[in-house]
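Take a look at the letters that make up each chain.
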Amino acid sequence: MYWLVSLPHGGRVEHAWSRLQEATTYTNDYSANFKFTLPESFRVGTLDSLLALSDDLAKVNAAVEGTVNKVRRQLVELQSGVAPEDRADVWVEGQTPEGYLQRFAWNEAKYPSRRPLKEIVASIMETVQKLDDDLKVKVTEFSQLRSTLQAAARKQQGSLAVRDLSGLVPPGQLVDTENLTTLLVVVPKSARADWLGQYEQLSEFVVPRSSEAVAEDQDYVVFTVVLFKRVVDNFKTSARAKGFQVKEMKTDPEGQRSSDAELERVRADADARRAALEQWCITSYGEAFSSWIHVCAVRLFVESILRYGLPPQFLSALMRPNPKNIARLRKLLAQQFGHGVGSEHFSGEGDDMFPYVSFTLNIE
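Notes on the structure in this doc start here. (Residues numbered from 1 in each chain as written. Predicted model: local features only at pLDDT ≥ 70, side-chain atom pairs only at ≥ 80, totals over all residues. Heavy atoms only, no water.)

### Side note on the side chain of Ser-284
Then, number 1: Counting through the fold element by element, Ser-284 comes out in helix α7 (residues 253-308).
Then, number 2: Ser-284 gets classed as buried once you look at its relative accessible area, which sits at 4%.
Then, number 3: If sequence neighbours within four positions are ignored, Ser-284 has contacts with Val-71 and Leu-131. (Helix = DSSP H or I, 4+ residues; strand = E, 2+ residues; numbered from the N terminus. Buried < 20%, exposed > 50% of the residue type's maximum accessible area, 1.4 Å probe, protein only. Contact = heavy atoms within 4.5 Å.)

### Comments concerning the pattern of salt bridges
Then, number 1: Taken as a whole and judged by the stated rule, the model has 14 salt bridges.
Then, number 2: Between Glu-119 and Arg-115 there is a salt bridge, with the nearest N and O atoms lying 3.6 Å from each other.
Then, number 3: Between Asp-269 and Arg-265 there is a salt bridge whose closest N-O contact spans 2.7 Å. Within this pair, Asp-269 and its partner Arg-265 are both found in helix α7, separated by 4 residues, close to a single helical turn.
Then, number 4: Owing to a relative accessible area of 43%, Arg-265 belongs among the partly exposed residues under this scheme.
Then, number 5: Bridged by salt links that share partners, the residues Lys-70, Asp-132 and Lys-136 form one connected network. (Salt bridge = Lys/Arg side-chain N within 4 Å of Asp/Glu carboxyl O.)

### Side note on the nonpolar core
Note on soluble globular proteins: their nonpolar side chains tend to be buried together.
Then, number 1: Membership of the largest hydrophobic core comes to 71 residues, with the highest contact counts inside it found for Leu-20, Phe-36, Leu-117, Ile-293, Val-298, Leu-333 and Leu-361.
Then, number 2: Ranked by the residues each element gives to this core, the list is headed by α7, at 18 residues.
Then, number 3: In this view, Leu-333 contacts Trp-3, Leu-7, Leu-20, Met-319, Gly-338 and Tyr-356; residues no more than four positions away in its chain are not counted.
Then, number 4: Grouped together as the second largest cluster of nonpolar side chains are 18 residues, Leu-202, Val-225, Leu-227 and Phe-235 included. (Core = buried A, V, L, I, M, F, W, Y, C linked by side-chain atoms within 4.5 Å.)

### Side note on the sheet that holds strand β8 (residues 357-361)
Then, number 1: Reading across the sheet, the 4 strands line up as β2-β7-β1-β8 and stay open at both edges, with antiparallel pairing between neighbours. Each having just a single partner strand, β2 (31-35) and β8 make up the two edges of the open sheet. Pairwise comparison of adjacent strand axes, ignoring direction, gives a mean angle of 25° for this sheet.
Then, number 2: The sheet contact formed by strand β1 (residues 2-8) and β8 spans 5 bridges and is antiparallel. Bridging from a neighbouring strand, Tyr-2 pairs with Leu-361 of β8. (Pairing = 2+ DSSP bridges. Axes fitted to C-alpha atoms, helices over the stretch in contact; angles between N-to-C directions.)

### Quick word on the packing of aromatic side chains
Then, number 1: Within this structure, the stated rule accounts for 16 aromatic pairs.
Then, number 2: Here the aromatic rings of Trp-195 and Phe-235 are separated by 6.3 Å at their centres, their planes lie at 90°, and the arrangement is edge-to-face. Separated by 40 residues along the polypeptide, Trp-195 in helix α5 (residues 192-198) and Phe-235 in helix α6 (residues 232-241) bring together distant segments of the chain.
Then, number 3: Residue class for Trp-195 comes out buried when judged on its relative accessible area of 0%.
Then, number 4: By relative accessible area, Phe-235 is classed as buried at 0%.
Then, number 5: Through successive ring pairs, a cluster of aromatic residues spans Phe-36, Tyr-100, Phe-104, Tyr-285, Phe-289 and Trp-292.
Then, number 6: The side chain of Arg-230 reaches across the aromatic face of Phe-205, ending 4.3 Å from its centre. (Phe/Tyr/Trp six-rings, centres within 6.5 Å; stacked < 30°, edge-to-face > 60°. Lys NZ or Arg CZ within 6 Å of the ring centre and 35° of its normal.)

### Quick notes on the sheet that holds strand β3 (residues 180-188)
Then, number 1: One open sheet holds the 4 strands; their spatial order is β4-β5-β3-β6, and the pairing between them is antiparallel. Two strands in the sheet have a free side with no partner beyond their single neighbour: β4 (212-216) and β6 (245-248). Averaged over all neighbouring strand pairs, the angle between strand axes comes to 30°, with direction disregarded.
Then, number 2: Pairing of β4 with strand β5 (residues 220-228) involves 4 bridges; the strand directions are antiparallel. Within β5, the position partnered with Glu-212 by the bridge is Thr-224.
Then, number 3: Against the sheet, α6 engages β3, β5 and β6, with an angle of about 155° to β6.

### Details of the environment of Ser-147
Then, number 1: Inspection of the secondary structure assignment puts Ser-147 in helix α4 (residues 117-157).
Then, number 2: When the C-alpha atoms of Ser-147 and Ala-270 are compared, they prove to be 9.7 Å apart, with 123 residues separating the residues in sequence.

### Here's the deal with the side chain of Gln-21
Then, number 1: Among the structural elements, Gln-21 can be located in helix α1 (residues 13-26).
Then, number 2: In this view, Gln-21 contacts Tyr-26 and Asn-33; residues no more than four positions away in its chain are not counted.

### Comments concerning unusual backbone geometry
Then, number 1: Across the junction of Leu-310 and Pro-311, the peptide omega takes the value -5°, indicating a cis bond.
Then, number 2: Note that Pro-311 resides in the loop between α7 and β7 (314-321).
Then, number 3: You will see that Glu-93, though not glycine, has its phi angle at about 50°, which is positive.
Then, number 4: For Glu-93, the location among the structural elements is in the loop between α2 (47-78) and α3 (97-102).
Then, number 5: Backbone geometry places Arg-209, a non-glycine residue, at a positive phi of 50°.

What follows is the structure in structure tokens.
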């Protein structure tokens, strides 16, 4: 967790930085601090435009931060089955996210600071909105392909109740003549004895003692049964009434090979799509994170002008508070930097109600 703050300095910015360091880092173990430099060429505009932009920035910040977190969570999900040492790291302009934040520099080439602040924010939002839209499309496509793979895997390798049974019995063991046929029956394990005791009475013309178990899993047993073709429908009806699932056996070696090949093709497609989505998330996280910090920079400037007035005389800093000393740090900042800016109106009891500008940044 970080705090992005601006503190009034009355025209002595380096003195304010030294006071901050002395009070929070050197004398007390309250925080680690980093300079957060804002462009001097930001255009202030009118008070009305700043007030309107302040309202917009709160919404934009939430939207951009939300996209950052969505991309990050998607990447974590994609890498969940990968050993930690084999997971690809995320980078923001060649640095770790924390390193980028601690050494933030405004990207003048991408977002010229002399443009109106509203235009800068709109440009950032356009970039992030496209990332968010692309993420939705890519995740939907990957999820659909993964569902297709799961369905194909269930058909080939899943529970005996849902999978393709055509490869369980060698063709040489099947009875298939002009009058006789072999059926496969999926029976719950708990009903094995019921099946063996009843199958010959489920219909006329069932070959006695023709049922054999050919496969089983944790929940089901697959039996063969031989009977006359003309009673197949009656047998199926009676078997279903007893809770047995009847499937006709089709010997199609070519079809089985085709099903296996299709499963492998879908699996390869899913692996390729997962790898492509992972790489996209790694790249897009850096773009989204950089955009978010630029929004924070504009927001810090706007709120500081609204809080302290003109000309801009405030120290902008990034602080990493010691979790054990947060309350003490807030009190110290209010005492050291809260004078002369209406500090008597800030109780410190509400969210972000401090006599200085402060935003909390949570980096996942």
